[in-house]
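What follows is each chain in one-letter form.
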Amino acid sequence: VQEEKIFAGKVLRLHVCTMEGAEWLEEVPEDTTVEKLKERCLKHCVPGSLEDPKTVTHHKLIHATSEKVLTDTKTVLEENIQDRDVLLLIKKRAPTLLPKMADVVAEEKRKQEQKAPDKDAILKATANLPARSVDRTVTHHNMRDFQTELRKILVSLIEVAQKLLALNPDAVELFKKANAMLDEDEEDRVDEIALRQLTEMGFPESRAVKALRLNHMSVTQAMEWLIEHADDPSVDAPLPGQAPAEAPAEGAGSSAEAAAGPSSEEGGEEAKDELTEIFKKIRRKREFRPDPRAVIALMEMGFDEKEVVDALRVNNNQQNAACEWLLGDRKPSPEDLDKGIDTNSPLFQAILENPVVQLGLTNPKTLLAFEDMLENPLNSTQWMNDPETGPVMLQISRIFQTLNRT
């Protein structure tokens, strides 16, 4: 008996797999080096592999369970490989070639060509152009005139919508529906994207809704309000006027039912009077709510509360614009906000002749949208995205912009 066989180590049976799907069983003593095991594996799966000495170094063995790369100089025993373990024979990835110097220079040159010009280059290129100065005051006044004109359009369209809906024989039923829509849960009127942003931050949904309503759907201001009032015991109390808001709706519904009582011949005038009252109640439900932060800030400058509220109402709750209004000529005045557009003007006639607008004016929801935007311009986005009122607002905007460009 040969001496090496007497003192030979334990023979291990190992399962070897390749990335190509080949699989076989290798029997090796536990004192075999990983390099020798790798050579045996390569003889099995890559014919003629040992003719190229680099073939061995370009492959590696990996223990399937531990995902450990086996070291070539260690033995199977030192790598703690057990009987029936699974090994993976994998070809090493070729190292990434370093880019050539010419390619690097070409890439840097390309980046320099695409780089934006600096201030000196801009001044040099525009040196021969005639100088033009934009009067920011005029720009601001133009924007303010646009807002005023749009408000006048809404005032006049509200009057037309009221007349059209009053002529409808089903006017009472329509305005029952209108009041129901107006008294719906206010959750339907909250900006869903803004609400989702706040709830994802961890704020309770009811509290986030309240914060958004108090801050005119501004996520940033609502978040600041939530943080400031986190420990306030009344933070979850309903907003003033929300609970009693159902009372006018019931009154409107009862008056609408009363208007439905008389026949069209006997009670026609009474029905019109009842509808007029409903219109007034709808208007009162959409009262302007000044931004409390802006009110405090402007009053601290020495202005009276009433004139501050007027300034914020004229300037859609924008504090800076309201401050300029208070310090300037104070035009338009709050009274101007309730004046409509000239009904004989080409702009108003073009709006009324639009089929989409005509159809929308017979829908009570359009009237509610106009009323809401009149008192709360920041809610315009919600109505623009509404499937019923959005097309009407889009047509009005297009007609306004087209006629103002000509």
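Residues numbered from 1 in each chain as written. Predicted model: local features only at pLDDT ≥ 70, side-chain atom pairs only at ≥ 80, totals over all residues. Heavy atoms only, no water.

You'll find the protein chain entered in an unreviewed UniProt entry as Ubiquitin-associated domain-containing protein 1, with Callaeas wilsoni given as the organism. Recorded under Pathway (unreviewed entry), the UniProt text for the protein chain is reproduced unchanged: "Protein modification; protein ubiquitination." Under the heading Subcellular location (unreviewed entry), UniProt records this for the protein chain: "Cytoplasm". (UniProt positions renumbered as here; feature names shortened; annotations may be inferred.)

### A few points about a nonpolar patch on the surface
A surface patch of nonpolar side chains, amounting to about 290 Å² of accessible area, comprises M101, V104 and V105. Looking at the secondary structure, you find M101 in helix α4 (residues 101-114). The class of M101 is exposed, set by a relative accessible area of 63%. (Patch = residues over 30% accessible without salt bridge, like charges linked within 9 Å, V, L, I, M, F, W, Y side chains within 5 Å. Areas by Shrake-Rupley, 256 points an atom, 1.4 Å probe, with all protein chains shown as cover. Salt bridge = Lys/Arg side-chain N within 4 Å of Asp/Glu carboxyl O. Helix = DSSP H or I, 4+ residues; strand = E, 2+ residues; numbered from the N terminus. Buried < 20%, exposed > 50% of the residue type's maximum accessible area, 1.4 Å probe, protein only.)

### Focus: the sheet that holds strand β3 (residues 59-63)
The mixed open sheet is built from four strands, whose spatial order is β2-β1-β4-β3. Of all the strands in the sheet, just β2 (23-29) and β3 have a single pairing partner and so form its edges. Put simply, the sheet's adjacent strands are angled 35 degrees from each other on average, direction ignored. Across five bridges, the pairing between β3 and strand β4 (residues 86-91) is antiparallel. Across the sheet, residue K60 finds its bridge partner in β4, namely I90. The sheet strands contacting helix α2 (residues 34-45) are β1 (11-18), β2, β3 and β4, and the helix crosses β2 at an angle near 145 degrees. (Pairing = 2+ DSSP bridges. Axes fitted to C-alpha atoms, helices over the stretch in contact; angles between N-to-C directions. Contact = heavy atoms within 4.5 Å.)

### As for the side chain of R207
Among the structural elements, R207 can be located in helix α9 (residues 205-214). When neighbours within four sequence positions are excluded, R207 is seen to be in contact with W225, L226, A230, V235 and D236.

### Thoughts on the side chain of K38
Along the chain, K38 turns up in helix α2. At 2.9 Å, the side chain of K38 and the side chain of D72 are in polar contact. Once you skip the residues sitting within four places of it in the chain, K38 turns out to touch V56, H59, K60, L61, D72 and L89. (Polar contact = N/O pair within 3.5 Å; in protein donor to acceptor, adjacent residues only side chain to side chain.)

### Brief notes about the pattern of salt bridges
A full pass over the atoms with the stated rule returns 12 salt bridges. For E26, the salt bridge is made with R40, and the minimal N-O distance between the two is 3.4 Å. Taken as a pair, E26 in strand β2 and R40 in helix α2 lie far apart in primary sequence, 14 residues in all. For E26, a relative accessible area of 6% translates into the label buried. Between E224 and R293 there is a salt bridge, with its nearest N and O atoms 3.9 Å apart.

### Some details on helix α13 (residues 292-299)
Each α-helix winds once per 3.6 residues, and so residues spaced three or four apart point in a common direction. Taken as a whole, α13 has its buried residues at A294, V295 and L298. For α13, the buried positions fall inside an angular range of 105 degrees around the axis, keeping them on one side. If you follow the buried residues of α13, they end up packed against α14 (305-314) and α15 (319-327). (Arc of directions from axis to C-beta.)

### Describing the packing of α14 against α15
As a packed pair, α14 and α15 sit with axes 8 Å apart at the nearest point and diverge in direction by 120 degrees. For the element pair α14 / α15, the angle class is oblique. Considering how the two elements wind past one another, α14 and α15 form a crossing that is right-handed. The residues of α15 that touch α14, namely those facing E307, V308, D310, A311, L312 and V314, are Q319, A322, W325 and L326. Of the residues assigned to the contact of α14 with α15, the class counts are seven nonpolar, one polar and two charged. (Parallel < 35°, antiparallel > 145°, perpendicular 65-115°, else oblique. Left-handed = near helix turned anticlockwise from the far one by under 90°. Nonpolar A, V, L, I, M, F, W, Y, C, P; charged D, E, K, R; others polar.)

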